[in-house]
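Each chain, letter by letter, is given below.
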Amino acid sequence: MRALEISNRELLAFMSEATNFAAEYWASLEERPSYPSTSGSETARLFDRPWSGEGRGSKVLDDVRVIAEHVRPCTGRFFGYVAGSGEPVGAVGDFLTSVFNQNTTSWRSAPAAITIERAVIGWLAEAIGCGGFAGSLCGGGSMANLMGLAIAREKALAANEEGARPGVVYASEQVHMSIPKAIALLGLGRSNLRLIPVDADFRLRTDALEAAIASDRKFGNTPVAIVASVGAVATGAIDPLRQIAEIAKSEGIWLHVDGAFGVLAALAVPEKFEGLNLADSISLDAHKWLYQPIDCGCLLYRDRDAARKTFSHSGDYVRVFNQDPGEAFAFFEESIELSRRFRALKLWLSLQYHGREAYREAISRDLLHAQLLADAVRARPELELLAPVPLSAVCFRHRVKSNEAILQRVIARGRVYLSNASINGHFALRACFVNHRTEPANVYEIVSEVIAAADELNA
Ligand SMILES: Cc1ncc(COP(=O)(O)O)c(C=O)c1O
């Protein structure tokens, strides 16, 4: 036998053990704790080991059962961060992606994969009311934000005379950390992010935005982009898109929408996203509110030429000879990556398996769960809702006890998982619903677990 070769029989047995495990694991999710009771030293003891010289064969699957006890399960009771729930058909798609092992660079390298990714991009754009936008899939929202701002920067630099002052980016104080990171990576300089104050609903204040742009123009600084948050990470606030788009247009500034958390809710509540189609670029995350397994981010943009001017640096070794427009297409001309997974396959399978209506319904349920929690919090005198709930993030606090201590107790109890946010100087308990497994009973558990944890602090 050649090195690395596996007989068909062995492979089938190995796969069937793995798929049996997967099915049992998914079926057991609701019995599992919302967070594993493990520690850094315990996982190091179990998994930090040298690479064995001799192969262990199918015995390696024994490790998978141990791993399962030390991962964070995708239960319907996990409400931390913006954590999608890992839809199983998508997971099967991920497996098949690796089976096909397509390098989704250009049509020549991966004909069907390229065509399917372009089709899926069209579905996503159309689903959020931005039909006609082009784009590409990528690892996640951070990468999509980086690429969106890279295009904006390229465009602004091209329009500028030499020696122009550094480019500035405008975003609300509530912006996600991936935006300052992108600005730093693009060499725009950390101090060139203007954090614009927000109103009482945590939405970017357009009067302050206009003032900041005017002040930069006065000092000869070059505006590069305005970032509107559509679903700010802490509260889900949706910046006033139409007004921001009008400012961007009249000032000639690129409008990038960070929709990694919230924009896919446009499938269920399009009226909340009025003006979205005026953006120049939009990031979104199918591994958040389309419940797909990580990684599945996406950048959409209106102007493909702008993307090509930014990312097209072809070498001779990738020259496309075929002039048929469909066959000449290459994602490396429009994105950072060259080697790319066939990410679209999981979306292609999962979105069609369930159909659009099921996705719309799942998102509507998440929105409803957030309102149920907000109502349940309002009904408890010892709790206080700290921010409006425009989408599916709910920030609240216990009025008397230490909320930091409550959070630690809630996580240790293992029934529900919450994360935290800072709201008007308060330490907030934060629950976010982007989880197709959550039931209304799980929502009420959040309140009972917080109250139980607060009571334990007395004991
Ligand atoms: C508003 C927002 N933008 C960007 C990101 C980054 O996305 P990713 O984790 O996929 O890189 C997140 C992640 O939660 C987010 O909530």
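Because the structure is a prediction, the values reported are computed rather than measured.

Focus on the pairing of strand E5 (residues 254–259)
For a regular strand, the rule is simple: side chains alternate between the two faces of the sheet.
Here is step 1 of the chain: Burial analysis of E5 places six of its six residues in the buried class, which makes it a mostly covered element.
Here is step 2 of the chain: Of the two faces of E5, both are covered, the one formed by Trp254, His256 and Asp258 as well as the one formed by Leu255, Val257 and Gly259.
Here is step 3 of the chain: In this fold, the crossover linking strand E4 (residues 222–229) to E5 by way of helix H9 (residues 241–251) has right-handed handedness.

Re the site of the ligand
Here is step 1 of the chain: Surveying the vicinity of the ligand reveals 15 residues, the closest of which are Gly141, Ser142, Asp258, Asp285 and His287.
Here is step 2 of the chain: Interatomic distance of 2.6 Å between a side-chain N/O atom of Ser142 and an oxygen atom of the ligand.
Here is step 3 of the chain: Expressed as a share of its isolated accessible area of 390 Å², the protein-covered part of the ligand is 83%.
Here is step 4 of the chain: Counting only elements with at least two residues in the shell around the ligand, the list comes to helix H6 (141–159) and helix H10 (286–289).
Here is step 5 of the chain: A breakdown of the residues in the shell around the ligand according to their chemical character gives four nonpolar, eight polar and three charged.

Points about a nonpolar patch on the surface
Here is step 1 of the chain: A contiguous nonpolar surface patch, about 520 Å² in accessible area, is contributed by Ile6, Leu11, Leu12, Met15, Phe95 and Val99.
Here is step 2 of the chain: The set of elements that each furnish at least two residues to the nonpolar patch consists of helix H1 (8–28) and helix H4 (88–100).
Here is step 3 of the chain: Among the elements that make up the nonpolar patch, the one with the highest residue count is H1 (three residues).
Here is step 4 of the chain: The class of Leu11 is partly exposed, set by a relative accessible area of 32%.

A look at the sheet that holds strand E3 (residues 193–196)
Here is step 1 of the chain: Read from one edge to the other, the open sheet built from seven strands follows the order E1-E7-E6-E5-E4-E2-E3, with strand pairing classed as mixed. Looking at which strands have only one partner, the edges of the open sheet turn out to be strand E1 (134–138) and E3. On average, each strand axis in the sheet is tilted by 20° relative to the strand beside it, whichever way the strands run.
Here is step 2 of the chain: Looking at chain direction, E4 and E5 are connected through five bridges and run parallel. Residue pairing in the sheet places Ala225 in a bridge with Trp254 of E5.
Here is step 3 of the chain: Lying over the sheet, helix H7 (residues 178–185) contacts strand E2 (167–172), E3, E4 and E5, oriented at roughly 160° with respect to E3.

Digging into the nonpolar core
Here is step 1 of the chain: Of all hydrophobic cores here, the largest spans 69 residues; its most connected members are Ile128, Ile226, Phe273, Ile282 and Trp289.
Here is step 2 of the chain: Residues contacting Ile128, with those up to four places away along its chain left out, are Val263, Leu264, Ala266, Leu276, Ile282, Leu284 and Leu300.
Here is step 3 of the chain: Grouped together as the second largest cluster of nonpolar side chains are 28 residues, Ala171, Ile183, Leu193 and Tyr301 included.

Points about the environment of Phe342
Here is step 1 of the chain: Take Phe342: it is sitting in the loop between helix H11 (304–311) and helix H12 (344–354).
Here is step 2 of the chain: What makes Phe342 buried here is its relative accessible area of 4%.
Here is step 3 of the chain: Along the sequence, Phe342 and Asp48 sit 294 residues apart, while their C-alpha atoms lie 30 Å from each other.
Here is step 4 of the chain: Discounting chain neighbours no more than four positions away, the residues touching Phe342 are Thr97, Phe100, Gln102, Thr104, Ala113 and Ile116.

Conventions adopted
The numbering scheme is per chain: residues are counted from 1 as the chain's sequence reads. Whole-chain, interface and lining totals are the exception, using all residues; otherwise, since this is a predicted model, local features are given only for residues with pLDDT of at least 70 and side-chain atom pairs are given and counted only at 80 or more. Hydrogens and water are ignored here; the side-chain numbers use all heavy atoms of the structure. Burial status follows relative accessibility: with a 1.4 Å probe on protein chains alone, a residue under 20% of its type maximum counts as buried, one over 50% as exposed, and anything between as partly exposed. Counting from the N terminus, the helices are the DSSP runs of H or I reaching at least four residues and the strands are the DSSP runs of E reaching at least two. Handedness of a crossover is defined as follows: orient the strands so they point away from the viewer, and if the path from the first strand over the helix to the second runs clockwise, the crossover is right-handed. Only heavy atoms are used to decide nearness, and a residue is near a molecule or strand if one of them lies within 4 Å of it. Whenever two N or O atoms come within 3.5 Å, that pair is a polar contact, provided that in protein one can donate a hydrogen and the other can accept it, and provided that, for residues adjacent in sequence, both atoms are side-chain atoms. For accessible areas, the Shrake-Rupley method is used with a probe of radius 1.4 Å. Any residue's cover is judged against the shown protein chains and nothing else. Just so you know the grouping, Ala, Val, Leu, Ile, Met, Phe, Trp, Tyr, Cys and Pro go in nonpolar, Asp, Glu, Lys and Arg go in charged, and all remaining residues, Gly too, go in polar. To count toward a patch, a residue needs a relative accessible area over 30% and no salt bridge; like charges are then connected within 9 Å, while nonpolar side chains (Val, Leu, Ile, Met, Phe, Trp, Tyr) are connected within 5 Å. Whenever a carboxyl oxygen of Asp or Glu lies within 4 Å of a side-chain nitrogen of Lys or Arg, that contact is scored as a salt bridge. For two strands to pair, DSSP has to find at least two bridges joining them. What counts as an axis is a line fitted to C-alpha atoms, over the stretch in contact for a helix, and the angles between N-to-C directions run from 0 to 180 degrees. By definition in these notes, contact holds between two residues if any of their heavy atoms fall within 4.5 Å. Here, the term nonpolar core denotes a set of buried Ala, Val, Leu, Ile, Met, Phe, Trp, Tyr and Cys residues that are joined through side-chain atoms within 4.5 Å.

Structural measurements only, silent on function.
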